[in-house]
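The primary structure of each chain is shown beneath.
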Number of protein chains: 2
Amino acid sequence: MRTSSFFSKASGFLRSHASSSKLLVLLSLSAGSFVAYSDSQAETSTPNLDLAQKDPKKKRIVVLGTGWAGTSFLKDLDISSCDVQVVSPRNYFAFTPLLPSVTCGTVEARSIVEPVRNIVKKRNGEIRFWEAECLKIDAANNRVMCRSNIENLVGNREFSLEYDYLVVAVGAQVNTFNTPGVKENCYFLKEVEDAQKIRAGVIDCFEKAVLPGLSEEERRTNLHFVIVGGGPTGVEFAAELHDFFQEDLVKLYPMVKDLVKITMVQSGDHILNMFDERISSFAERKFQRDGIEVLTGCRVLDVSEKAITMKNKAKGETSSVPHGLVVWSTGVGPRPLVRDFMEQIGQRKQRILATDEWLRVKGCENVYALGDCATIDQRKIMEDISAIFKAADKDNSGTLTVKEFQDVIEDIVIRYPQVDLYLKSKHLMDVTDLLRDPEGRERDEVDIEGFKLALSHVDSQMKSLPATAQVAAQQGAYLSHCFNRMEQCAENPEGPRRFRSTGRHAFRPFQYKHFGQFAPLGGEQAAAELPGDWVSMGHSTQWLWYSVYASKQVSWRTRVLVVSDWTRRFIFGRDSSRI
Amino acid sequence: MRTSSFFSKASGFLRSHASSSKLLVLLSLSAGSFVAYSDSQAETSTPNLDLAQKDPKKKRIVVLGTGWAGTSFLKDLDISSCDVQVVSPRNYFAFTPLLPSVTCGTVEARSIVEPVRNIVKKRNGEIRFWEAECLKIDAANNRVMCRSNIENLVGNREFSLEYDYLVVAVGAQVNTFNTPGVKENCYFLKEVEDAQKIRAGVIDCFEKAVLPGLSEEERRTNLHFVIVGGGPTGVEFAAELHDFFQEDLVKLYPMVKDLVKITMVQSGDHILNMFDERISSFAERKFQRDGIEVLTGCRVLDVSEKAITMKNKAKGETSSVPHGLVVWSTGVGPRPLVRDFMEQIGQRKQRILATDEWLRVKGCENVYALGDCATIDQRKIMEDISAIFKAADKDNSGTLTVKEFQDVIEDIVIRYPQVDLYLKSKHLMDVTDLLRDPEGRERDEVDIEGFKLALSHVDSQMKSLPATAQVAAQQGAYLSHCFNRMEQCAENPEGPRRFRSTGRHAFRPFQYKHFGQFAPLGGEQAAAELPGDWVSMGHSTQWLWYSVYASKQVSWRTRVLVVSDWTRRFIFGRDSSRI
């Protein structure tokens, strides 16, 4: 019994840091079931009551998705005044930026996932989670239809939820651009399962290649890895794969070491073309040294089980090469659920679900969309130019003085962020410089025509946000902030003034802050684009990458696991077991 | 570049401990490809030559299976004089005793597997491994037919290997006793994949049970876990499941905490009935306290998707209970490959492949079988009794003196281990005590009839070895020892004398040393049966279990991983993400 009490004390102490109630449960293991009982009583009310719980006064919020957007929304949401239900087919949050590391076992899949229930638990069960897929959004009746995909379910697997506010954060799906054979014969890199499949697939290729009785040509084909898409994900996977082979597999499969080939197919002229060109050329040189072939300006026409056919845009000639494994990592497209929703609300023509600057879906009062499933349709300043002029021209003189302009400029910049970008691009110090005449001389006042002319090029600076974790996370945090201060801001709005009507907007529009982006290139080297056009490349950047990614982990558990995975790899290398 | 060299030095140093050649590869990353080239040249010859390599002088050994038996055989095999090929559908060795811990995430699947190539690598590529399934053993022509199961294989997936010696270590498969519905509706616990499936299945059950719109009855059904088979594996899984729920899931799914039920179905009268009854009753009491229902004396008649039907042997009544998940962990049976092989060599009637005491398959000169796929058919002493008498009776006096008996007794005990067991069971000090007359008086000599009478009950002590990792590992080590000293022992045999013919056996027969067995019971308690009928139970035994299992790991990598998994669970609990 001494061991027992020692044990429970020790681990109780440790666990109490992870979660206070854990201590109770643990004691219960040694001190009998009574404690367990009272402990869990404290945790919740009786089963059914809890599951059916509804508070008429509280506003009902339904959240679809537990990715970056959904999770960061839930994290900061003040649930004292609302009844929140979360629906997602995955009961965990995945730290997607590390997916490429999972494909080769540099990091274990389990090290980058955290159960949603762990994340929402800290809100004493006020947030309810259902592991199910949302099949349909019925915007007209404020309800969503859901279905559980779990097999052998005893009971009805379909249910519907009513909402006062709906938050759509279901993310996007891989875009095959309707290329024949891609769905059937390509690996993807979007979900955790995808990364695990790739890992097994890579090992398979090596085991295939060493089988007796194959010709050298057949061995080469089995070991030809093709990556379609030269974006950050594709590039990082190529780098991981090259390292996996160079550092680990070459020793286990020495007989085929000269037969391995990695090819990257990119439709654009450069890989990583969303980055600064210093980075893309650095990456291309690095890949060249590593023997990774980069085919730029190539479009994939077809992927069969055995070969991939592509067309060189410049030369116009098509070629077909045999492959062992193809990873498809190009752009993303809307999910069927979102497509259907867009049809309902008259966004049929849109390429992707459009929201206003406050993340509210256009055409729906109480539906918000964030993350990869939606895009902000920034309002053009030229659409409101007359209203702005009218509002600014207090004395209705028909002309705008610098003084009058300065009174409204702050609201303009907040409402139309492109103004700021335009100033930066033109290297203008002050907004009033916009009012200078074509020859650049200062003016005391401008009429409506002059005003229009002055701002005519501002909208050219508008660009939609990238589909990154960074954007989604910021949007989630922003939206929860809005929800938390909804009543408050209804009374005293904190947003910019309305030019077309009177009064002010309740909130400031969402504004994205870019903290930079990494591109790991393998061999303990990485490239990074940091705020202020600052570019950093090489080994030191890789260490920066390690520290940033370790610090960004969602929980202490995953942080410890990821760091210990890195250490494990550093000491023992990667595991090549096919599980 | 400074970072680079620092890095390569540092990690080079670390890695050099893991494997010397790793250092070279690593340098090659920073110091250019030349080193990599020379390094890999050092490692192997050109691809095809290596794959086709055959040395006529060397004896060709083919090993089927990379489980406990196969791996421990390969570990100590002296490959200087033989050309070894290994065939297994799994390219890794799995530390199966920890499988139950994997089912609930106490230990990660990857922590208990080690790539076969890592294990054989240390023999500088002399041992060749093929990830493929053996379809047929053609004993007549000394060849095996194999096929790779990997998808999208470019080239011919079938091949055959010729052997001088064949080592069959393919293990056994789950035995459903032809119970209807078991294959379709039950989880098993034999392979790593099985454990992973169970882990996902358990989480599914909880996610199902909390879905909205289910009746309490339906929730209960989804959370009813049934384990068929009260052996060590089943019991350990039940314990793991109970801990998983009590320590972790209860906090994430508090609303259904009162609805969870674990039922263990055992055909015998007690669980763990292969253990000392002190242990089985301790386990039964522990399970009772934990609320795990144990149904003894029950036979399962049928398992459907929703319910399991069983018959109480004593009362004779059948009952059907709804279930959420059923784990089938009863006995094992021979694989189709082995069945077919048995047909070929005239063992059709045997329940399982029979070998002699030297692990040589009965009816095959050059085929050995070890581990779960075979059993040693110990020769009865009564079959040879006359031969023994004749051989012992040097002066052909027709009677055996104590002196004459003593001359042969050592060989007898080695050849017929049951003699030793018989003496122990009868608490006899000395073998000569066997010769005492029925009244227990010493005799100077016995005739053939008296001799037969004296030994008539000896064979009753024969028992076949359990299908455990311990037995398989010892057999593998024993067989490699025999192979290594084959030539040597052909000249100077080290085995016991032959009674039916002349001379001695080349080797001593295989003898199993039982080092005890553990049964973890959950709540940091375990029971252990140690050599010398010594029984230990409780928390201290659990710590003994930890240390033994940590020390038994096959590699330092897995050792570190398993221990860190235990620590991780101790601090953060188990992960409930459904991946």
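Rules used throughout
Residues numbered from 1 in each chain as written. Chains lettered and ligands numbered in written order. Predicted model: local features only at pLDDT ≥ 70, side-chain atom pairs only at ≥ 80, totals over all residues. Heavy atoms only, no water. UniProt positions renumbered as here; feature names shortened; annotations may be inferred. Salt bridge = Lys/Arg side-chain N within 4 Å of Asp/Glu carboxyl O. Buried < 20%, exposed > 50% of the residue type's maximum accessible area, 1.4 Å probe, protein only. Helix = DSSP H or I, 4+ residues; strand = E, 2+ residues; numbered from the N terminus. Contact = heavy atoms within 4.5 Å. Pairing = 2+ DSSP bridges. Axes fitted to C-alpha atoms, helices over the stretch in contact; angles between N-to-C directions. Expected span 1.5 Å × (residues − 1). Arc of directions from axis to C-beta. Polar contact = N/O pair within 3.5 Å; in protein donor to acceptor, adjacent residues only side chain to side chain.

- As annotated in an unreviewed UniProt entry, chain A carries the name NADH:ubiquinone reductase (non-electrogenic) and is attributed to Punica granatum.
- A UniProt comment under Sequence similarities (unreviewed entry) is attached to chain A, and it reads "Belongs to the NADH dehydrogenase family."
- One UniProt comment on chain A, placed under Cofactor (unreviewed entry), says "FAD".

**Things to note about the pattern of salt bridges**
Pairing is possible between side chains that carry opposite charge, provided their charged atoms lie close to one another.
And then number 1: This model, assessed by the stated rule, comprises 81 salt bridges over all chains.
And then number 2: Measuring nitrogen to oxygen at the nearest pair gives 3.1 Å for the salt bridge that ties Glu383 of chain A to Arg379 of chain A.
And then number 3: Assessed through its relative accessible area of 44%, Glu383 of chain A is described here as partly exposed.
And then number 4: The exposure class of Arg379 of chain A is partly exposed, given its relative accessible area of 24%.
And then number 5: Measuring nitrogen to oxygen at the nearest pair gives 2.6 Å for the salt bridge that ties Glu494 of chain A to Arg485 of chain A.
And then number 6: Overlapping salt bridges, with partners in common, bring together Glu108, Arg199, Asp565, Arg568 and Asp575 of chain A together with Arg110, Glu114 and Arg557 of chain B in one network.

**Describing the environment of Leu561 of chain B**
And then number 1: Assignment of secondary structure puts Leu561 of chain B in helix 21 (residues 556-572).
And then number 2: The exposure class of Leu561 of chain B is buried, given its relative accessible area of 13%.
And then number 3: Residues Leu561 of chain B and Ser111 of chain B lie 450 residues apart in sequence; the distance between their C-alpha atoms is 5.2 Å.
And then number 4: Ignoring sequence-local partners within four residues, the contact set of Leu561 of chain B consists of Arg568 of chain A together with Arg110 and Ser111 of chain B.

**A short note on the side chain of Gln542 of chain A**
And then number 1: Tracing the backbone shows Gln542 of chain A in helix 20 (residues 539-551).
And then number 2: Those residues within four positions of Gln542 of chain A in sequence are excluded, and the remaining contacts are Pro520, Glu524, Gln525 and Ala526 of chain A.

**Observations regarding unusual backbone geometry**
And then number 1: Positive phi values are uncommon outside glycine, yet Asn142 of chain A reaches one of about 50 degrees.
And then number 2: Position of Asn142 of chain A relative to the elements: it lies in the loop between strand 6 (133-138) and strand 7 (143-147).
And then number 3: In the Ramachandran plot, Leu359 of chain B falls in the positive-phi region, its phi being about 70 degrees despite a non-glycine side chain.
And then number 4: Tracing the chain through its elements places Leu359 of chain B in the loop between strand 19 (353-355) and strand 20 (367-369).

**Side note on the sheet that holds strand 25 (residues 525-530) of chain A**
All names here are of chain A.
And then number 1: Taken in spatial order, the three strands make up an open sheet running 24-25-26, and their pairing is antiparallel. Each edge of the sheet is formed by a strand with only one pairing partner; in this case those strands are strand 24 (517-522) and strand 26 (534-538). With direction set aside, neighbouring strand axes in the sheet form an average angle of 10 degrees.
And then number 2: Across five bridges, strand 24 lies against strand 25 in antiparallel orientation.

**Describing the pairing of strand 25 (residues 525-530) of chain B**
Residue and element names in this part refer to chain B.
And then number 1: Extensive coverage of strand 25 is indicated by the burial of six of its six residues.
And then number 2: Burial along strand 25 is two-sided: Gln525, Ala527 and Glu529 and Ala526, Ala528 and Leu530, pointing in opposite directions, are all buried.
And then number 3: Linking strand 24 (residues 517-522) back to strand 25 in an antiparallel pair, the connection comprises two residues, with Gly523 at a positive phi of about 60 degrees.
And then number 4: Sheet topology note: the strand 25/strand 26 (residues 534-538) ladder contains five bridges and is antiparallel. Within strand 26, the residue paired with Glu529 across the bridge is Val535.

**With respect to helix 12 (residues 277-290) of chain A**
All names here are of chain A.
And then number 1: For helix 12, built from 14 residues, the straight-helix expectation of 20 Å at 1.5 Å per residue is met to within 8% by its first-to-last C-alpha distance of 20 Å.
And then number 2: Taken residue by residue, helix 12 has Ile279, Ser280, Phe282, Ala283, Lys286 and Phe287 as its buried positions. Projected down its long axis, helix 12 shows its buried positions confined to an angular sector of 160 degrees, all on one face. Residues of helix 12 that are exposed and point over 90 degrees away from its buried face: Glu277, Gln288 and Arg289.
And then number 3: On the buried face of helix 12, the contacting elements are helix 11 (232-252), strand 12 (261-266), strand 13 (293-296), strand 24, strand 25 and strand 26.
And then number 4: The N-cap residue of helix 12 is Asp276: its side-chain oxygen and the backbone nitrogen of Arg278 are 2.7 Å apart.
And then number 5: Residue Gly291 follows helix 12 closely and has a positive phi angle near 80 degrees.

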